Structures are given as structure tokens and as C-alpha cells.
Amino acid sequence: MTVTSKSAATEAGTPASPAERSRALRDTLGQFATGVTVVTTVDRNGQPVGMTVNSFNSVSLDPALILWSIDKSSLSYGAFTEGEFFAVHILKGDQQHVSNLFAGRGADKFGQVKWHKGKGGVPQLDDCAALFHCRRAQNIDGGDHTILLGEVLEFSASGGEPLVFHRGRYRALAGE
């Protein structure tokens, strides 16, 4: 293991505490800019569930597959890892408030955004840059997270500048 962050090593160059190493790893991973998504599904009672996710990625065009990951301690873990369908919404640059809403706990998230029911009752947020309606194909163990592989059943794009996250902050894309 190579640790180059000063926050992750002592002056003598020995490995830091697990907490310091974890923080340094998080900071280093934050150097990679990501888009911001909200993933939605319904729980066992048919109630809408959603969360902000930046671990979204494409996997394959044929068959059409995407992935994202969820922390095993997440309150909505069961809804996503057991449900048949989910939707991934790529947020637009002016939807930071939506990202913040779905990143929080306890709020009536769906009462504060425009949405409609998609196939399987899965909530679909209105006015996003893109939408992927998926069937959960596989759950893959990934340490303290589970990776959800989704088969893309339907998709659409309305365009617009995406919401970007880098080094712990929302960012705007540089002009052309």
C-alpha cells in the first residue's frame, strides 16, 4: 500500500490510524468527479423510496446493463436489494436541492418534488437530465456496500448540463 496523503501518514511515514486512512482514502477518491443521481424504488408496502447516489456507472450496451452501489447500513437497503425494479435519475445542474433532499433522512422527499409512477410502481422524478428504468439483475457483495447490477428496460434523456460532484462539493462544468 502506498499512502501519499499527509493526513494518512505520520511524519515518520508509518501508516496512520484506520480512521485517518479512511478519511485520506475518501479525500483521494473525491478527486474523481462524478455525476449525481437519485435512485428510486418501492418498498414491500409499495411506498416510494429514494436516495442520492454518485456510484452510478454503465456496464454494457448489449445487454444494456448499469450498476450502482448501496451501503449495507442504509435504511433503504432492503427495498433496493430485494425489489424487482428501480429507476436511476441523472440530475441536472440546477437540481442540487433534489440531491440534498434525497441525501437526507426523515423528510417527505416525494412530497417536495414532481414525480409519477413508472412500471412496477417505481417513482420516476420529473425534469431530470436522463432516466433509466431497470430490473435488478444481480446483487454483488462489495465489502461494506452491495453493488446492484440493473438491466435497462427503458431510458430517456431530456439533456441539459449535469449536476457534478468533486472534492466534496457540487461543481459546474467548464464552458466549451
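Because the structure is predicted, anything quoted here is derived from the model rather than measured.

Description of the nonpolar core
Now for step 1: The biggest cluster of nonpolar side chains holds 16 residues, and the ones touching the most others in it are Val39, Ile66, Trp68, Phe80 and Phe86.
Now for step 2: Counting residues per element, the ones that place at least two in this core are β3 (48-53), β5 (64-71), α2 (77-82), β6 (85-90), β9 (130-142) and β10 (145-157).

Points about the sheet that holds strand β1 (residues 34-35)
Now for step 1: Strands sit in the order β1-β11-β12 across an open sheet of three strands; the sheet is antiparallel. Lying at the two open borders of the sheet, with one neighbouring strand each, are β1 and β12 (169-171).
Now for step 2: Summarising the sheet, strand β11 (residues 164-166) and β12 pair through three bridges and their orientation is antiparallel. Of the residues in β12, the one forming a bridge with phenylalanine 165 is tyrosine 170.

Quick notes on the layout of surface pockets
Now for step 1: A volume near 1,500 Å³ is recorded for the largest pocket.
Now for step 2: Lining the largest pocket are 43 residues, and of these Arg26, Thr52, Val53, Asn54 and His145 sit closest to its centre.
Now for step 3: When residues of the lining of the largest pocket are traced back to their parent elements, those giving at least two are α1 (18-29), β3, β5, α3 (96-103) and β11.
Now for step 4: For the lining of the largest pocket, the residue count by class is 16 nonpolar, 18 polar and nine charged.

Overview of α3
Now for step 1: Along α3, the residues that are buried comprise Val98, Ser99, Leu101 and Phe102. Seen along its axis, α3 keeps its buried residues to an arc of 165°; they face one direction. In α3, the exposed positions that point more than 90 degrees away from the buried face belong to His97 and Ala103.
Now for step 2: Buried residues along α3 sit in contact with β2 (37-42), β3, β8 (123-125) and β12.

Section: the pattern of salt bridges
Now for step 1: Scanning the model with the defined rule gives six salt bridges in all.
Now for step 2: As a salt-bridge pair, arginine 23 and aspartate 27 come within 2.7 Å of each other at their nearest N and O atoms. Remark: aspartate 27 and arginine 23 occur in helix α1; sequence separation between them is four residues, near one turn of the helix.
Now for step 3: Aspartate 141 is the partner of lysine 72 in a salt bridge, and the nearest nitrogen-oxygen pair spans 2.3 Å. With a gap of 69 residues between them, lysine 72 in the loop between β5 and α2 and aspartate 141 in strand β9 connect regions that are remote in the sequence.
Now for step 4: We classify lysine 72 as partly exposed; its relative accessible area is 35%.
Now for step 5: Residue class for aspartate 141 comes out exposed when judged on its relative accessible area of 59%.
Now for step 6: Among the charged side chains, a network of salt bridges with common partners joins Glu84, Arg135 and Glu151.

Observations concerning the packing of aromatic side chains
Now for step 1: Using the criterion set out here, one finds six aromatic pairs in the structure.
Now for step 2: For the pair tryptophan 68 and phenylalanine 80, a centre-to-centre distance of 5.1 Å together with 85° between the ring planes defines the contact as edge-to-face. Note that tryptophan 68 is positioned in strand β5 and phenylalanine 80 in helix α2, a separation of 12 residues in sequence.
Now for step 3: Overall, the relative accessible area of 0% leaves tryptophan 68 in the buried class.
Now for step 4: On the accessibility criterion, phenylalanine 80 (1% relative accessible area) is buried.
Now for step 5: The rings of Trp68, Phe80 and Phe86 are connected pair by pair, giving a single aromatic cluster.

Parameters at a glance
Every chain's residues receive numbers from 1 upward, in the order its sequence appears when written. Two thresholds apply to this predicted model, a pLDDT of at least 70 for residue-level local features and 80 or more for giving and counting side-chain atom pairs, whereas whole-chain, interface and lining totals are computed over all residues. Excluded from the side-chain calculation are hydrogens and water; included are all heavy atoms of the structure. Nonpolar core, defined: a set of buried Ala, Val, Leu, Ile, Met, Phe, Trp, Tyr and Cys residues in which side-chain atoms within 4.5 Å join the residues together. Burial classes: relative accessible area under 20% of the type maximum marks a residue as buried, over 50% as exposed, and values in between as partly exposed (1.4 Å probe, protein chains only). Helix and strand definitions here come from DSSP, where helices need a minimum of 4 consecutive H or I residues and strands a minimum of 2 consecutive E residues; each element is numbered from the N-terminal end. By this definition, two strands are paired if DSSP reports at least two bridges between them. The distinction between a cavity and a pocket rests on a 1 Å grid over the protein atoms alone: a 1.4 Å probe fits inside a cavity but cannot get out, while a pocket stays open yet meets protein on both sides within 12 Å along at least five of seven lines, and a residue with an atom within 4 Å of a point counts as lining. Grid points are joined across faces, edges and corners, and a volume is the space filled by probe spheres set on the points. All residues other than Ala, Val, Leu, Ile, Met, Phe, Trp, Tyr, Cys, Pro, Asp, Glu, Lys and Arg, Gly among them, are scored as polar; the first ten of these are nonpolar and the last four charged. This arc describes the spread of directions from the helix axis toward the C-beta atoms. The contact criterion used throughout is that any non-hydrogen atoms of two residues lie within 4.5 Å. Whenever a carboxyl oxygen of Asp or Glu lies within 4 Å of a side-chain nitrogen of Lys or Arg, that contact is scored as a salt bridge. Geometry of aromatic contacts follows a simple scheme: Phe, Tyr and Trp rings, the Trp one being its six-membered ring, pair when their centres are within 6.5 Å, and the pair is stacked under 30 degrees between planes, edge-to-face over 60, tilted otherwise.

Any link to function would need more than the numbers given here.
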